[in-house]
Amino acid sequence: MQSVGVTWLGRSDLAGRSDGLQLVGTGTRLFVSHLFSGGFTEVDIADPRAPRFLSFTPAPPGSWSVHLQVQGHLLLVANGPDMWSRPAGFDPGRTLFDSDDPFAAGVRLFDVSSPGQPREIGFADLGGFGVHRVFYAGGPHALVSAFPPGFGEGILVVLDVSDPAKPYETDRWWIPGLGPDERATWPGDHRVSLHHATGFHGRAWGAWRDGGFSSQQVGTDGRLGPATLLAWDGPEPGLGCAAHTALRLPGTSLLAVAEEGIESDGEPQGRLVALFDVADPEAPQRVGALGAPEVSPVPGGRFGPHNLYEYRPGAWMDGRTVFVAHQGAGLRIHQQTDGAIFEEVGMFLPDPPTILLDPRPQRALVTQTNDVFVSSAGLISVVDANGGLDVLELQ
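Residues numbered from 1 in each chain as written. Predicted model: local features only at pLDDT ≥ 70, side-chain atom pairs only at ≥ 80, totals over all residues. Heavy atoms only, no water.

Student: I tried to follow the overall build of the chain on my own but got confused; where do I start?
Tutor: The secondary structure content of the chain amounts to zero helices and 28 strands. The C-alpha radius of gyration computed for the chain amounts to 19 Å, which stays within 12% of the reference 21 Å derived for 395 residues, consistent with globular compactness. For the C-alpha atoms alone, the extent of the chain along its principal axes is close to 50 × 45 × 45 Å. Out of the 395 residues in the chain, the part that is buried amounts to 59%. (Helix = DSSP H or I, 4+ residues; strand = E, 2+ residues; numbered from the N terminus. Rg over C-alpha atoms; globule rule 2.2 N^0.38 Å. Buried < 20%, exposed > 50% of the residue type's maximum accessible area, 1.4 Å probe, protein only.)

What follows is the structure, given as structure tokens:
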């Protein structure tokens, strides 16, 4: 392994389910979603040198649980069809879901007040193709990337979870052209779909793949205000921006938008974490980007940004430090030096995994860092698509 600016403390193979996709934390506990194993795992890192497995909660039959959010004792779990059990494989589009196999299509809510004993207390049934991602940082509302009936791509849905036993939808919004019977106006080689939305202080920021990002207010009643949409070209003609996550950096006027590296041949596509000044959220201005890692891509894996650490109350909230799960380039840590200028100050590149859980053909045993979570004290946890969980300490 290689590291700069961090100290490696320990790791876990997640009780044999080392296919980590995303993770969130509360106190000393982490919740890790799985890309191939289904369900989610709970781990305690009170001793970060010896992470302790607490429990595994399987997804409902035919479903996956690829995205989680936790705040306090409430855990939200996104559910949709298990891509790997579908004959069409992991290809976007309606044909993916041409199956009579049942699956959960919505958000499950769990009480996690008792360590190792998640207890399901509610379910928001959104129908259609279910939910890909969800954002929740406390309060009455959660932001959901959902595929309701009639929609072949993701749209933004707001859920009221003030009563976790009875969650309900308060509003929804989508880019014109995505709705039933609407005609798209973007290039045919672009995919426009809400991948993920984040939000603090009554404003939602949506990442719409090649559609760019959106900004709109979320009222105290869960209703969405008018949206400002900013689209931009990718690094090459015909290559959209592939916006994965749009994230306001706390304590700054900046928004970071991760352009996901989505090819699997190990070659960089020029995908970056773009930076926008959103002091006026209705007139965002692009002001730069985080520097690309200076590493040689390894054939057989993805190279480029995946997820950003999503700041949340009770955990790391200093937006002057940005943590990027950079797939084949591992973890990359950037720190603000002046205005919109950031410098890479730390990195962690784990050893390649030894067990391949990825069922897709022609996959290689290479590093694929998928997500990162940071405690308020600077304890960093990262997960790999095949290599499990590593725990680090920020120097």
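Moving on, there is more to tell.
Student: For this particular structure, what's the right way to read the pattern of salt bridges?
Tutor: Side-chain pairing between opposite charges can occur once the charged atoms of the two side chains come close. In this structure the tally under the stated criterion is 13 salt bridges. Across the salt bridge formed by Arg-11 and Asp-390, the nearest N and O atoms sit 3.8 Å from each other. In this pair, Arg-11 sits in strand E2 (residues 6–12) while Asp-390 sits in strand E28 (residues 388–394), placing the two residues 379 residues apart along the sequence. The exposure class assigned to Asp-390 is buried, which follows from its relative accessible area of 6%. Between Arg-332 and Glu-344 there is a salt bridge, and its shortest N-O distance comes to 2.9 Å. Remark: Glu-344 occurs in strand E25 (residues 341–349) and Arg-332 occurs in strand E24 (residues 331–338); sequence separation between them is twelve residues. The exposure class of Arg-332 is buried, given its relative accessible area of 4%. The class of Glu-344 is partly exposed, set by a relative accessible area of 33%. Residues joined by salt bridges that share partners form a network here, namely Arg-133, Glu-310 and Arg-312. (Salt bridge = Lys/Arg side-chain N within 4 Å of Asp/Glu carboxyl O.)

Student: For this particular structure, what's the right way to read the side chain of Arg-209?
Tutor: Examined against the element boundaries, Arg-209 turns out to sit in strand E16 (residues 203–209). Excluding its chain neighbours within four sequence positions, the residues that come into contact with Arg-209 are Arg-191, Ser-193, His-195, Cys-241, Ala-242, Ala-243, His-244, Glu-260 and Ile-262. (Contact = heavy atoms within 4.5 Å.)

Student: For this particular structure, what's the right way to read empty space enclosed by the protein?
Tutor: Think of a ball as big as a water molecule: rolled over the atoms, this probe shows where empty space is left. Tallied over the full model, the rule gives two cavities of 30 Å³ or more. A volume near 70 Å³ is recorded for the largest cavity. What lines the largest cavity is Gln-22, Leu-23, Val-24, Gln-69, Asn-307, Leu-308, Tyr-309, Glu-310, Arg-312, Asp-371, Val-372 and Phe-373. When residues of the lining of the largest cavity are traced back to their parent elements, those giving at least two are strand E3 (20–26) and strand E26 (369–374). (1 Å grid on protein atoms, 1.4 Å probe; cavity = no way out; pocket = protein on both sides within 12 Å on 5 of 7 lines; lining within 4 Å. Points joined across faces, edges and corners; volume = space filled by probe spheres on them.)

Student: Please explain the sheet that holds E24 as it appears in this structure.
Tutor: Pairing between the strands of a sheet comes from backbone hydrogen bonds, and it takes one of two forms, parallel or antiparallel. Read across the sheet, four strands follow the order E1-E25-E24-E23 without closing on themselves; strand pairing throughout is antiparallel. Because the sheet does not close on itself, it has two edges, and the strands there are strand E1 (2–4) and strand E23 (321–325). Between one strand axis and the next, the sheet turns through 25 degrees on average, direction left out of account. Here E24 runs beside E25; their pairing, made up of seven bridges, is antiparallel. For Ile-333, the partnering residue across the bridge sits in E25 and is Gly-346. (Pairing = 2+ DSSP bridges. Axes fitted to C-alpha atoms, helices over the stretch in contact; angles between N-to-C directions.)

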